[in-house]
Amino acid sequence: MPQAAAVATIASNDRYPLGDFLSDIAGIAASTEFVDRKRRSRDYFWYSPILQEKLKDKLADIVVTPRDEVEVVRVAAACAKHRIPLTVRGGATGNYGQCVPLESGVVLDMALLNRIEWQKPGLVRVQAGAKLYDIDAATRPNGFELRMHPSTKRSAAIGGFVAGGSGGVGSVTFGGMREPGNIVAARIVTLEREPRIIELRGDAAQKISRAYGTTGIITVLEMPLAPAQAWIDVIVAFDDFIEAVRFGHTVAMADGIVKKLLSPVEWPVPRHFTAFRSYCPDGKSLLTCMIGEMSIDSFEALLAPSGGMITYKAPSEDLPSKVPLYEHTWNHTTLQMLKSDRGVTYLQCLYPHERFVEAVDRVGKLFGDEVLQHLEFMRLNGYMTASGIPIIRYRSRERLDEIIGGFEACGVMIANPHVVTLEDGSRYKRVDADQLGFKHEVDPMGLLNPGKMRSFVPQAGSAEV
Ligand SMILES: Cc1cc2nc3c(=O)[nH]c(=O)nc-3n(C[C@H](O)[C@H](O)[C@H](O)COP(=O)(O)OP(=O)(O)OC[C@H]3O[C@@H](n4cnc5c(N)ncnc54)[C@H](O)[C@@H]3O)c2cc1C
């Protein structure tokens, strides 16, 4: 919409001086069209019946799409001047309303900041709106690939993954995003009358990791790369889920076997894997894997005594036109099931690394068909464990709380995905002290994604900043 028309349409909003804001950002693409605002005020929060109720009517006042960092700075300055909330949006594949503007205001769509600035062996520097798929496509011809990506690789942006994600395909080898070294540097714009540009390097870059965009607008990231592999997708069928878990653990612990994904999934979930259904025998639980081509013989040798049967083995084809095997793991498993059964939801768990198989087994026996398990093996602080995204037949909020209690009683940590704040959704129920302190420095008025960092209270006098 042309700027003048946009100003006229919304100047009447009595919450924020939107007309003045639009005048200040003249020349930057902005939309006040209802359809744009509606569409870009959502993510995948609808997985949760609780968040669906809470967030379905939230709506931005304006969607702004900057072309470069200079425009990001102008938008940040205008938001600070008029005290308008700003919520950054990447690919909008988050699951807990992370990019939903709880207090309306501006949604900043980063889609056009999508350039790869440079790459060298083991390292890439990219603008935050670049899609993960495009980054891999650009680095693989040079022999490197991202160390990890969420199962939403085909639609998520690198800025959104770093600010909203936790780990994914590749975490079995490299751990989660929070492991030291998994973010090399981040460049951010602060939200102040005169925004600053700060380059965070090394450990300091963790200040923006999974902070839901509350600690600065990320414009550029430097990410470490791994040597690119010829990956082989493998599906192994087992009579029993726990056998798939046991064998998955054996492979996970075999350091010489190059792997990117090991995901045991309990029958009947594979019944919903439409693209691979013919490789999912009725009644069998699966281990879905991505194994380095050079390790496939060793993998099969380990498998021989386990009772598992390979039903599918083919080179990974990561094409835009084809549903990849990894889109049946991590939170895509829930999506495959939701496509035909809207009565389910999910939880996010971290299993203890000690007596790991026992914990999985104990949880499995607690709830029968009401809870269907699938796990993704991942390294954490040097130990091998698994993240789990069990699929839950949803009855009520109270019942969900009982199920959470059952998991916790078995020593499994829960990061509750049915809440919107960083604190409530974290495994430790608090926000990182570093991140809270940093927020006071970079967003003293609390305008970045307000409502998501509950512990933050603006200090007296921050209005004048
Ligand atoms: C089917 C499905 C599967 C998933 N699988 C995984 C998985 O394997 N692993 C995983 O970790 N997550 C997973 N997720 C969650 C989500 O897809 C990922 O976290 C993804 O990386 C988010 O990226 P995005 O670009 O879509 O971010 P968005 O949803 O757009 O944003 C996420 C958060 O980051 C903030 N943000 C975005 N860009 C910036 C920026 N430039 N500066 C500051 N803040 C910013 C947003 O404000 C928001 O708070 C899954 C979700 C779905 C729906």
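The coordinates are above.
Residue numbers here run from 1 along each chain, matching the order of that chain's written sequence. In view of the model being predicted, local features appear only for residues whose pLDDT reaches at least 70, and side-chain atom pairs are presented and counted only at 80 or more, with totals across whole chains, interfaces and linings using the full set of residues. By convention in this description, side-chain values take in all heavy atoms of the structure and omit both hydrogens and water.

1. Considerations on empty space enclosed by the protein
Buriedness for pockets is judged along seven lines, at least five of which must meet protein on both sides within 12 Å for an open set on the 1 Å grid over protein atoms alone, while cavities are sets there where a 1.4 Å probe fits but cannot get out, and lining residues have an atom within 4 Å of a point. Grid points are joined across faces, edges and corners, and a volume is the space filled by probe spheres set on the points. On inspection of all chains with the given rule, the structure shows three cavities of 30 Å³ or more. Of the voids in this model, the largest cavity is the one considered here, and its volume is about 60 Å³. For the largest cavity, the full set of lining residues is Leu146, Arg147, Met148, Ile158, Phe161, Met177, Asn182, Met223 and Pro224. Residue assignment for the lining of the largest cavity shows that the elements contributing at least two residues are α7 (158-164) and β10 (217-227). The residue classification treats Ala, Val, Leu, Ile, Met, Phe, Trp, Tyr, Cys and Pro as nonpolar and Asp, Glu, Lys and Arg as charged. All others, Gly included, are polar. Tallied by class, residues from the lining of the largest cavity come to seven nonpolar, one polar and one charged. Empty space within the second largest cavity amounts to approximately 40 Å³. Strands are runs of DSSP state E lasting at least two residues, helices are runs of H or I lasting at least four, and both sets are numbered from the N terminus onward.

2. A few points about helix α6 (residues 132-139)
Those residues of α6 lying buried are Leu132, Tyr133, Ile135, Asp136 and Thr139. Taken around the axis of α6, the buried residues stretch over an arc of 160 degrees, which confines them to a single face. Between two residues, a contact is recorded if the distance between any of their heavy atoms is within 4.5 Å. In this structure, the buried side of α6 is in contact with β5 (116-120), β6 (123-127), β7 (144-146), α7 and β10. To sort residues, take the accessible area from a 1.4 Å probe on protein chains only and compare it with the maximum for the residue type: under 20% means buried, over 50% means exposed, and anything in between is partly exposed. What the arc measures is the spread of directions leading from the helix axis to the C-beta atoms.

3. Looking at the sheet that holds strand β19 (residues 383-388)
Between any two strands, pairing holds if DSSP finds at least two bridges. With respect to topology, four strands assemble into an open sheet ordered β18-β19-β16-β21, the strand pairing being antiparallel. The sheet is open, and its two edges are formed by β18 (375-380) and β21 (413-415), each paired on a single side. Shown here is a sheet whose adjacent strand axes are inclined to one another by a mean of 30 degrees, direction ignored. Strand direction decides the pairing type here: β18 and β19, joined by six bridges, are antiparallel. Looking at the pairing, Glu376 lines up with Ser387 of β19. Each axis is a line fitted through C-alpha atoms, and for a helix only the stretch in contact is used; angles between axes span 0 to 180 degrees, taken between their N-to-C directions.

4. A short note on the site of the ligand
What makes a residue near a molecule or strand is one non-hydrogen atom of that residue sitting within 4 Å of it. Near the ligand you find 36 residues, and of these Val88, Gly90, Gly91, Thr93 and Gly167 are the closest. At a separation of 3.0 Å, an oxygen atom of the ligand approaches a polar backbone atom of Gln98. Against a free-state accessible area of 960 Å², the protein chains account for coverage of 97% of the ligand. For the shell around the ligand, the element with the highest residue contribution is α7, accounting for five residues. In terms of residue class, the shell around the ligand is built from 16 nonpolar, 19 polar and one charged. Polar contact is defined as a pair of N or O atoms within 3.5 Å, subject to the rule that within protein one atom must be able to donate a hydrogen and the other to accept it, and that residues adjacent in sequence are counted only when both atoms are side-chain atoms. Calculation of accessible area relied on Shrake-Rupley with a 1.4 Å probe; when residues are assessed, cover is drawn exclusively from the protein chains displayed.

5. Structural notes on the pairing of β5
Where β5 meets β6, four bridges bridge the pair, whose relative direction is antiparallel. Bridged to Ile116 within β6 is Val126.

6. A few points about the nonpolar core
The tendency in soluble globular proteins is for nonpolar side chains to be buried as a group. We define a nonpolar core as any set of buried Ala, Val, Leu, Ile, Met, Phe, Trp, Tyr and Cys residues linked to one another through side-chain atoms lying within 4.5 Å. By size, the foremost hydrophobic cluster in this structure holds 55 residues, and its most contacted members are Phe21, Val64, Val75 and Leu221. With six residues, helix α5 (residues 69-82) is the largest single contributor of residues to this core. The contact partners of Leu221, leaving out residues within four places of it in the chain, are Val124, Arg125, Val126, Ile158, Gly159, Val162, Ile183, Ala185, Ala186 and Ile208. In terms of nonpolar packing, the next biggest core, distinct from the first, is built from 44 residues, Phe238, Ala244, Leu287 and Ile414 among them.

7. Comments concerning the packing of aromatic side chains
Between the rings of Phe, Tyr and Trp (Trp by its six-membered ring), a pair exists once the centres lie within 6.5 Å; its type follows the angle of the planes, with under 30 degrees stacked, over 60 edge-to-face, and the other angles tilted. Across all of its chains, the model carries 13 aromatic pairs by this definition. Ring geometry for Tyr44 versus Trp46: centroids 5.9 Å apart, planes at 35 degrees, classification tilted. Residue Trp46 is classed as partly exposed on the basis of its relative accessible area of 23%. With 6.4 Å between their ring centres and 55 degrees between their planes, Phe276 and Tyr279 make a pair best called tilted. Here Phe276 falls in the buried class, since its relative accessible area comes to 6%.

8. Focus: the environment of Gly19
For Gly19, the location among the structural elements is in helix α2 (residues 18-24). For the pair formed by Gly19 and Arg193, sequence separation is 174 residues and the distance between their alpha carbons is 18 Å.

9. Notes on helix α10 (residues 296-303)
Along α10, the positions that sit buried rather than exposed are Ile296, Phe299 and Leu303. All buried residues of α10 fall inside an arc of 55 degrees around its axis, so they share one side. Opposite its buried face, α10 presents the exposed residues Asp297 and Ala301, each directed more than 90 degrees away. Where α10 is buried, its residues touch β11 (231-238), α9 (241-253), β13 (285-292) and β14 (309-315).

10. Examining the environment of Asn182
Counting through the fold element by element, Asn182 comes out in the loop between α8 (171-174) and β8 (185-189). Residue classification places Asn182 among the buried positions, given a relative accessible area of 4%. C-alpha separation for the pair Asn182 and Gly202, spaced 20 residues apart in sequence, amounts to 9.0 Å. Here Asn182 is in contact with Arg147, Met148, Phe174, Gly175, Gly176, Met177, Met223 and Pro224, once residues within four sequence places are set aside. Of the polar contacts made by the side chain of Asn182, one reaches the side chain of Arg147; its length is 2.9 Å.

11. Points about the sheet that holds β13
Strand order in this open sheet of four strands is β12-β13-β11-β14, and the pairing throughout is antiparallel. Looking along the sheet, the strands with just one partner apiece sit at the ends: β12 (259-265) and β14. When the angles between neighbouring strand axes are averaged without regard to direction, this sheet yields 10 degrees. Against the sheet, α9 engages β11, β12 and β13, with an angle of about 165 degrees to β12.

12. Quick notes on the pairing of β10
For β10, the buried fraction is high: ten of the eleven residues fall into the buried class. Inspection of the sheet shows β6 paired to β10 by five bridges, in the antiparallel sense. Residue Gln127 lies in a different strand from β10, and its bridge partner there is Val220. In the sheet, β7 pairs with β10 via three bridges, with the strands oriented antiparallel. Each bridged residue has a counterpart across the sheet, and for Leu146 the counterpart in β10 is Leu225.

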